[in-house]
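Read off the chains here:
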Amino acid sequence: MYTQRHTINSSMDISGAVLFILALALSNNGSPRNVFHVYGKEFNVMDYGAKSDGQTENSQAFGEAWNAACGDSTPNPKLIVPSGHTFLVNPIMFRGPCQAPEIHFVIAGTIIAPDRPGFWDGKDASQWLGFEGVKGLKVDGFGNGTIDGRGKAWWDQSCRYNPHLKTCTSLAPTALRFLSCDESIVRNVGLKDSAQTHILIMGCNGFNVNNVVMMSPGSSPNTDGIHIQDTQHLSISNSSFGVGDDCISIGDRIRDINIQNVKCGPGHGISIGSLGRSGNYVQVENISVTNAYFTGTTNGARIKTWQVGRGYVRNIKFENLTVDSVKNPIIIDQNYCEVRDGCKEQETGVQISQVVYRGMSGTSSTEIAINLKCSSSVPCRGILMEDIHLTSAMAGKVVTTYCRNAHGNVTDVAPDSTCLLD
């Protein structure tokens, strides 16, 4: 069973939630498998020839089981990866549309990726397990399911961390990719050691992530927890992220995202961006992050844009955040650059406006706890800070606020942030 014990606050204990789900399953004749009968006809991958020795490659068996389940017209068909078994699966894309309005992909056991990048020769090296065009998809681990990307071999040849290598790569597979999967859910599952991003959600309308746990070393390159792109009406809740990059990364063409009751650490925090790198017109609005706990992360609440970008980031709320020894608890960087402070000032920029920071406490591991570096061409407008109390993680040290081209209002904020006042 893949779990991680973290207490976020009094309203959520991730391991407790996982155990509660599992207890419900076990209450039905003592077998987690029996709970699946509630939903519909079963398509067990082992009935299609899958071998659970952890060495036999099973993508053909998984593909055949998916085709059978997806093509079944009975209500709520289920592809089942049974508990107590480990299956090696090569890169595979599960495609829709499916016959039933709702289809379940039940991961009660463990799915592992090939541990050598050579298995991707001749294949799309950006993905491992993917779903495309599947409406009403329910990926459920029932508290037991584990997806193991076995990414170390990819990290060892990463150009980002191994530039001395004669042959290195900047590309590595995402563990779970969801493309155009509307009204879908991922829940009660653990992901670990993805070669790169753990979950990518792109082009989706109506998506829910609940009670997921992600674990990769803090030193693993580009292992974002969840990256969201070109998506609207999405929620992430009751989840824990310990990764090597952003715990949650929000890209372009985003609207109506709700993130609540999450833990982040290690990692780079919850980031909107980076945005506008190619000079494109950015559209990001209506983002809410509530009840989040950051421990030992590079950032807490971050917004980052490239100067060459255009468009807007607006109507953003960060509320009830706790930071424990975080380098940048609050940061807006409108001069984001591959080389720090290495990009010249531009006349363009993404407009950042109507951003609320309310109810935040904890410690900063650097002197500047609140860092608002906005564009001289397109300043930040409508920044509101209320009930914020940040101190230094180092005894005897003080923290400060830095503002540049940022305008808004402050109420009950420490360190002093009157530099923000219009």
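Below is a short write-up of the structure. Keep in mind it's a predicted model, so treat the numbers as computed, not measured. (Residues numbered from 1 in each chain as written. Predicted model: local features only at pLDDT ≥ 70, side-chain atom pairs only at ≥ 80, totals over all residues. Heavy atoms only, no water.)

**Considering the overall build of the chain**
Link 1 in the chain: For the chain, the count of helices and strands is 3 helices and 30 strands.
Link 2 in the chain: Evaluated residue by residue, the chain yields a buried proportion of 55% over its 422 residues.
Link 3 in the chain: Across the chain, every contact between residues at least 6 apart in sequence was considered, and the portion connecting residues at least 24 apart equals 76%.
Link 4 in the chain: Carbon together with sulfur atoms contributes 47% to the accessible area of the chain, which is approximately 16,800 Å² in total. (Helix = DSSP H or I, 4+ residues; strand = E, 2+ residues; numbered from the N terminus. Buried < 20%, exposed > 50% of the residue type's maximum accessible area, 1.4 Å probe, protein only. Contact = heavy atoms within 4.5 Å. Areas by Shrake-Rupley, 256 points an atom, 1.4 Å probe, with all protein chains shown as cover.)

**Considerations on the sheet that holds strand β23 (residues 299-305)**
Link 1 in the chain: If you trace the 11 strands from one edge of the open sheet to the other, you get β7-β10-β13-β15-β17-β19-β21-β23-β25-β27-β29, paired in parallel fashion. Here the strands that pair on one side only, and so sit at the sheet edges, are β7 (92-95) and β29 (400-404). Taking the axes of each pair of neighbouring strands and ignoring which way they run, one obtains an average angle of 15° across the sheet.
Link 2 in the chain: Note that strand β25 (residues 328-333) and strand β27 (residues 368-373) share 4 bridges and pair parallel. Pairing of D333 across the sheet is with K373, part of β27.
Link 3 in the chain: Contacting β7 and β10 (127-132), helix α2 (residues 59-70) crosses the sheet at an angle of about 5° to β7. (Pairing = 2+ DSSP bridges. Axes fitted to C-alpha atoms, helices over the stretch in contact; angles between N-to-C directions.)

**Regarding the nonpolar core**
A general tendency of soluble globular proteins is for nonpolar side chains to be buried together.
Link 1 in the chain: The biggest cluster of nonpolar side chains holds 99 residues, and the ones touching the most others in it are F62, W66, F105, F178 and Y357.
Link 2 in the chain: In this structure F62 touches V45, A50, L79, V81, F87, V89, I92, F94, F105 and I111, once residues within four positions along its chain are discounted. (Core = buried A, V, L, I, M, F, W, Y, C linked by side-chain atoms within 4.5 Å.)

**Overview of the state of the cysteines**
Link 1 in the chain: In total, this model carries 5 disulfides according to the counting rule given.
Link 2 in the chain: Note on cysteine connectivity: C247 is disulfide-linked to C264, with sulfurs 2.0 Å apart. Here the disulfide of C247 and C264 is right-handed, its torsion about the S-S bond being about 80°. Residue C247 is located in the loop between β18 (231-242) and β19 (248-250), and its partner C264 is located in strand β20 (residues 254-264); the two are separated by 17 residues in the primary sequence.
Link 3 in the chain: With relative accessibility at 0%, the residue C247 sits in the buried group.
Link 4 in the chain: Disulfide partner of C403: C419, at an S-S distance of 2.1 Å. The S-S bond linking C403 to C419 shows a torsion near 50°; that makes this disulfide right-handed. Taken together, the residues C403 in strand β29 and C419 in the segment after β30 (406-414) connect sequence positions 16 residues apart.
Link 5 in the chain: For C419, a relative accessible area of 36% puts it in the partly exposed group. (Disulfide = S-S within 2.5 Å.)

**Description of the environment of V45**
Link 1 in the chain: Topologically, V45 is positioned in the loop between β3 (42-44) and β4 (53-57).
Link 2 in the chain: V45 gets classed as buried once you look at its relative accessible area, which sits at 0%.
Link 3 in the chain: Sequence-wise, V45 and F87 are 42 residues apart; in three dimensions their C-alpha atoms are separated by 9.6 Å.
Link 4 in the chain: Residues within four places of V45 in sequence aside, it is in contact with A50, A61, F62, A65, L79, I80, V81, P82 and F87.

**Digging into the environment of D124**
Link 1 in the chain: By the secondary structure assignment, D124 is in the loop between β9 (110-112) and β10.
Link 2 in the chain: Of the residues examined, D124 reaches a relative accessible area of 42% and is grouped as partly exposed.
Link 3 in the chain: It is 8.1 Å that separates the C-alpha atoms of D124 and P173, two residues lying 49 residues apart in sequence.
Link 4 in the chain: Within the structure, the side chain of D124 is placed 2.7 Å from the side chain of S126, a separation counted as a polar contact. (Polar contact = N/O pair within 3.5 Å; in protein donor to acceptor, adjacent residues only side chain to side chain.)

**What to know about α2**
Link 1 in the chain: In this model α2 runs 16 Å from its N-terminal to its C-terminal C-alpha over 12 residues, within 8% of the 16 Å that 1.5 Å per residue would give.
Link 2 in the chain: All of the buried residues along α2 are S59, A61, F62, G63, A65, W66, A69 and C70. (Expected span 1.5 Å × (residues − 1).)

**Things to note about the side chain of T223**
Link 1 in the chain: With respect to the helices and strands, T223 occurs in the loop between β16 (205-215) and β17 (226-229).
Link 2 in the chain: Assessed through its relative accessible area of 0%, T223 is described here as buried.
Link 3 in the chain: A distance of 2.7 Å separates polar atoms of two side chains, one belonging to T223 and the other to S220.
Link 4 in the chain: At 2.8 Å, the side chain of T223 forms a polar contact with the backbone nitrogen of G244.
Link 5 in the chain: Once you skip the residues sitting within four places of it in the chain, T223 turns out to touch W155, S194, A195, Q196, T197, H198, S216, P217, V243, G244 and D245.

**A short note on the side chain of S239**
Link 1 in the chain: Mapping S239 onto the fold places it in strand β18.
Link 2 in the chain: Accessibility expressed as a relative area gives 0% for S239, which makes it buried.
Link 3 in the chain: Among the polar contacts listed, one links the side chain of S239 to the backbone oxygen of S237, at a separation of 2.7 Å.

Scope: geometric values only; no functional claims are made or implied.
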